[in-house]
Amino acid sequence: MSQTPPNFPANIEVQQETFENWDGVINVPNVWTCAPKSGADVVTVCNWAVSEGYTVRARGIMHSWSPLTLVSGTPANAKVLLVDTTKYLTALKFIPASGNQSAQVNAQLGATMLQLMEFLEQQAGGKGAATGYSFPHIPAPGNLTVGGALAIDAHGSAVPSPADDFNASYGSLSNQILAFTAVVTNSANSTVYSLRTFQRGEGDDKAFLTHLGRAFLIDATLQIVDNYNLRCQSFTNIPNATLFQAPTASTPVPAGSVASYVAQTGRIEVICYPFTDTCWFKVWTNSPTQPSGSVAVNQPYNYPFSDNLPGWVTNLLKLVTSGDPSLTPTLSSAFMTITSLGLNNIFAPLNDLWGPSKDVLIYIKDTTLKVTANGYAVRLARTNLQKSIADFATEFNSLLKSYQGRNLYPVNAPFEIRVTSLDDPAKVAAKNAQSPVISALTPEPIDIQNQWDTAVWFDVLTLPGTSGENEFYSDLEAWFTNTFTGTYGRPYPEWSKGWAYTPTSGPWTNAAYMQTIRDSFTNWDWEVATLQKYDQGNLFTNALLTQLFVP
Ligand code: FAD
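Residues numbered from 1 in each chain as written. Predicted model: local features only at pLDDT ≥ 70, side-chain atom pairs only at ≥ 80, totals over all residues. Heavy atoms only, no water.

Peer 1: Help me understand the side chain of Thr 372, please; the structure alone is not making it clear to me.
Peer 2: Looking at the secondary structure, you find Thr 372 in strand S17 (residues 372-373). There is a polar contact of 2.9 Å between the side chain of Thr 372 and the side chain of Asp 23. (Helix = DSSP H or I, 4+ residues; strand = E, 2+ residues; numbered from the N terminus. Polar contact = N/O pair within 3.5 Å; in protein donor to acceptor, adjacent residues only side chain to side chain.)

Peer 1: When you look at the pattern of salt bridges in this model, what are you seeing that I'm missing?
Peer 2: Close approach of charged atoms allows side chains with opposite charge to pair. What the rule picks out here adds up to 20 salt bridges. Where Arg 200 meets Asp 205, a salt bridge forms, and the shortest distance between an N and an O atom there is 4.0 Å. The same class applies to Arg 200 as to Asp 205, namely buried. Its salt-bridge partner being Asp 535, residue Arg 214 comes within 2.7 Å of it at the nearest N-O pair. (Salt bridge = Lys/Arg side-chain N within 4 Å of Asp/Glu carboxyl O. Buried < 20%, exposed > 50% of the residue type's maximum accessible area, 1.4 Å probe, protein only.)

Peer 1: Even after reading the chapter, I still don't get unusual backbone geometry, so can you show me in this structure?
Peer 2: In this structure, Asn 30 is a non-glycine residue whose phi angle is positive, near 55 degrees. As for its placement among the helices and strands, Asn 30 is situated in strand S2 (residues 27-35). For Tyr 301, which is not a glycine, the phi torsion comes out positive at approximately 60 degrees. Among the secondary structure elements, Tyr 301 is positioned in the loop between strand S15 (295-296) and helix H6 (304-307).

Peer 1: When you look at helix H12 (residues 469-483) in this model, what are you seeing that I'm missing?
Peer 2: Since there are 3.6 residues in each turn of an α-helix, residues three or four apart along the chain are aligned in direction. Taking 1.5 Å per residue, 15 residues should reach 21 Å; H12 reaches 21 Å between its end C-alpha atoms and fits that length. Those residues of H12 that are buried are in contact with S17, strand S18 (376-380), helix H10 (385-405), strand S20 (454-462), strand S21 (489-493) and helix H13 (511-520). (Expected span 1.5 Å × (residues − 1). Contact = heavy atoms within 4.5 Å.)

Peer 1: Help me understand the state of the cysteines, please; the structure alone is not making it clear to me.
Peer 2: Such a bond, covalent and formed between the sulfur atoms of two cysteines, is termed a disulfide. Counted under the stated rule, the structure contains zero disulfides. The structure places no disulfide on Cys 232, whose sulfur is separated from the nearest cysteine sulfur, that of Cys 279, by 13 Å. Here Cys 232 falls in the buried class, since its relative accessible area comes to 0%. (Disulfide = S-S within 2.5 Å.)

Peer 1: Honestly, the site of the ligand in this entry has me stumped. Any pointers?
Peer 2: If you check the shell around the ligand, you find 31 residues, and the closest are Ala 58, His 63, Ser 64, Thr 145 and Arg 418. Between an oxygen atom of the ligand and a main-chain N or O atom of Met 62, the distance comes to 3.0 Å. Separating an oxygen atom of the ligand from a side-chain N or O atom of Arg 418 is a distance of 2.8 Å. Isolated, the ligand exposes 970 Å² of accessible area, and the fraction of that covered by the protein chains is 98%. The set of elements that each furnish at least two residues to the shell around the ligand consists of strand S3 (55-59) and helix H3 (146-151). In terms of residue count, the dominant contributor to the shell around the ligand is H3 (three residues). (Near = heavy atom within 4 Å. Areas by Shrake-Rupley, 256 points an atom, 1.4 Å probe, with all protein chains shown as cover.)

Next comes the structure, spelled out in structure tokens:
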């Protein structure tokens, strides 16, 4: 094998590397991977790719499930060039407030979310209770690139509440973009690529705010908020029967239910092992000063019991689930016990932490259990939040039970629930800003008509290869599609995770579901045409995107 692909630009590092996604299901060895030092270098490799008939994929940390970068089974000799943004395209620049303009940050998109959050915390001029700046919410892992996060409309968990109500969007990170630089072909019949900076609100910009890797962005300017302190309480003793109880006409938000906590503090997360009666329930509260009894933290990743699982635990889990799956309930409750003991250790309690926003929002480390996940964002009215959670919990348990009746245990890791707002363009500090077109949080006419203001994010995790997983995920997907209809709500895929399941072939294989996705975005065709218009050489695509991005 030659040292570089044919005629590769001499001054740009390139070598063959293995591409492996988060759960290891996609593993492609010996893929040509380059590491450009600037946006101009990316342009150079794109123009090289056109002349040599290669496609180009931006590559961040590879912490994804869905095959947005490379699809499983990509052949060794495929003409695809990965562009590793993490090596050099990591510069961060603070833009202080001036006149009417609030502070902003410009990030090259190979920087990680942790690098960005640490940088923001160090900047002067913020007027919040914590130093520096932040976002209303962020994803849980620190080791994701900003580019990867923006590509898939990343999110954390928060809606405005009596505890905090920033004058900012509580939707996706994509909706915080004010400007960006992309590599594009900028005339109709040209396959020559160059850099172009787009301003939010100019028109075509909205196609790039969430793009699934169907474009290549170099940097983005993001709006930020004053940094704040958060308290994070973890409860392991609230019965699921209370958290997930169905509302009634007279008690739309039952005491102790998930929705009751959302109403108070706006920030929750459910992590619930199957076959257990309680879960790990997190409630964050904006707390400018340290509440009595809360332990102060000044760095992220504060749950070592879940981040540093020894390899033997994972192996044991694999052994049990493949050897004797009927032990799944026992193992599941053992995990819940480990969680509860880890959180409520009387010598070093972790169930009540307090610190600057990033330190209690970022908690997933690379060393956590590598499971697979499906994901949907259900858009609905806040008044239906508890009903959606109760309906989901009932369906999840009833599906588990019916599979158990057939001696199948397809789910051996938790389900998770988080809640955000939609991508409100009125909360973006740019004239004529419109929402990202294909974000799972884009307000569509149907949302406005039904006053849907909330998205409930549901994920179900399991070890990859668990018997029955694809059948279970297919059943659950059909339930989401058939339940959230009419005025109740509508489900959208969480792009980075599993969706479009078939029982035999698994995720991203259900053509009918893909059509449902296309039908549920009003401006889908415009999105497809616009991204195509700026990529005349068809560089930024792969087999999944080619299948999905059709009018
Ligand atoms: P990669 O996996 O390397 O790439 C993902 C996609 O982004 C690819 O299509 C790639 O081409 C594209 N891309 C990357 N950089 C660029 C660029 N500069 N220009 C154009 N396209 C680009 N998401 C959430 O929203 N919230 C969470 O809390 C959350 N938790 C997670 C927990 C775990 C354990 C894992 C594995 C993922 C989680 N995710 C979460 C999903 C994660 O945000 C996405 O998968 C994200 O895309 C990963 O970033 P990455 O740097 O690894 O991107």
